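Given next are the chains, with one letter for each unit.
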Amino acid sequence: PGSSFGEFSLLSQPRQSTAKCEEKSSVAILRRDDYQQILETTESRRRSDWMDFAQAAPILRTLDQSTRLLLEPLVKIQQVSRGQKVVKIGDPVQVLFLAKGIFEVASFSSGKADSSEAVGME
C-alpha cells in the first residue's frame, strides 16, 4: 500500500529518520522548492478568488481590504453544480453564503413557495 515519509523536509526541518527499501518498490519524489511553489500558487489563487467574492458582496463591501483579507483563511469556497441545493429551510443558521453565479432563492410558509427570485453576482 501507499505511504509517505520525509514530510518534515518540506517544512525546512532536518531529516528525522532514515528510510531503507525492504523490497522492490517505487518512490515518487517531490522537491521542497516545487512544493513551496505549488503552495504559493494555490494560496495566491485562493486569495484572489476570495477577494473577488469579498469585493462584490454587499455585506462585505463596507469593510476595508485588510479586514477582508483577515477573513480569507476562515472561508471555504466550494464549487456547486446546477440544481444542487446549497441550503434549505430548517437548516441551522450558522453560516453566511456569498454567491458567485446565479441562484434561485425561494421562501416558503405552510409548505408552499411564497416567492422566488434569482440572485447572485457575476
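Residues numbered from 1 in each chain as written. Predicted model: local features only at pLDDT ≥ 70, side-chain atom pairs only at ≥ 80, totals over all residues. Heavy atoms only, no water.

Trainee: Sorry, what's going on with the overall build of the chain here?
Mentor: Along the chain, the regular secondary structure elements total 4 helices and 2 strands. Ordered by position in the sequence, the α and β elements of the chain form the string α-α-α-α-β-β. Put simply, the chain has 122 residues, and 10% of those count as buried. Considering only intrachain contacts with a sequence separation of at least 6, the fraction spanning at least 24 residues in the chain is 31%. Carbon and sulfur atoms make up 53% of the accessible area of the chain, which amounts to about 10,900 Å² in all. (Helix = DSSP H or I, 4+ residues; strand = E, 2+ residues; numbered from the N terminus. Buried < 20%, exposed > 50% of the residue type's maximum accessible area, 1.4 Å probe, protein only. Contact = heavy atoms within 4.5 Å. Areas by Shrake-Rupley, 256 points an atom, 1.4 Å probe, with all protein chains shown as cover.)

Trainee: Is there a simple way to explain the pattern of salt bridges in this structure?
Mentor: Two side chains bearing opposite charge may form a pair once their charged atoms approach each other closely. Scanning the model with the defined rule gives 5 salt bridges in all. Note that Arg47 and Glu72 form a salt bridge whose closest N and O atoms lie 3.5 Å from each other. With a gap of 25 residues between them, Arg47 in helix H2 (residues 32-56) and Glu72 in the loop between helix H4 (65-71) and strand S1 (101-109) connect regions that are remote in the sequence. Here Arg47 falls in the partly exposed class, since its relative accessible area comes to 35%. Note that Lys88 and Asp91 form a salt bridge whose closest N and O atoms lie 3.7 Å from each other. Its relative accessible area of 53% is what places Lys88 among the exposed residues. Taking relative accessible area as the criterion, Asp91 reaches 27% and is therefore assigned partly exposed. The network of salt bridges with common partners includes Glu43, Arg46, Arg47 and Glu72. (Salt bridge = Lys/Arg side-chain N within 4 Å of Asp/Glu carboxyl O.)

Trainee: Got a minute to help me understand the environment of Glu7 in this structure?
Mentor: Relative to the helices and strands, Glu7 is located in helix H1 (residues 7-10). Residues Glu7 and Arg32, spaced 25 residues apart in sequence, show a C-alpha to C-alpha distance of 9.5 Å.

Trainee: Sorry, what's going on with a nonpolar patch on the surface here?
Mentor: Side chains of Val80, Val86, Val87, Val95 and Phe97 sit close together on the surface and give an oily, nonpolar patch of about 420 Å² of accessible area. Considering the arrangement of structural elements, one finds Val80 in the loop between H4 and S1. The exposure class of Val80 is partly exposed, given its relative accessible area of 37%. (Patch = residues over 30% accessible without salt bridge, like charges linked within 9 Å, V, L, I, M, F, W, Y side chains within 5 Å.)

Trainee: Just checking my understanding: could you explain the environment of Val80 for this structure?
Mentor: The spatial distance from the C-alpha of Val80 to the C-alpha of Gly101 is 9.8 Å, given a sequence separation of 21 residues. Ignoring sequence-local partners within four residues, the contact set of Val80 consists of Val86 and Phe103.

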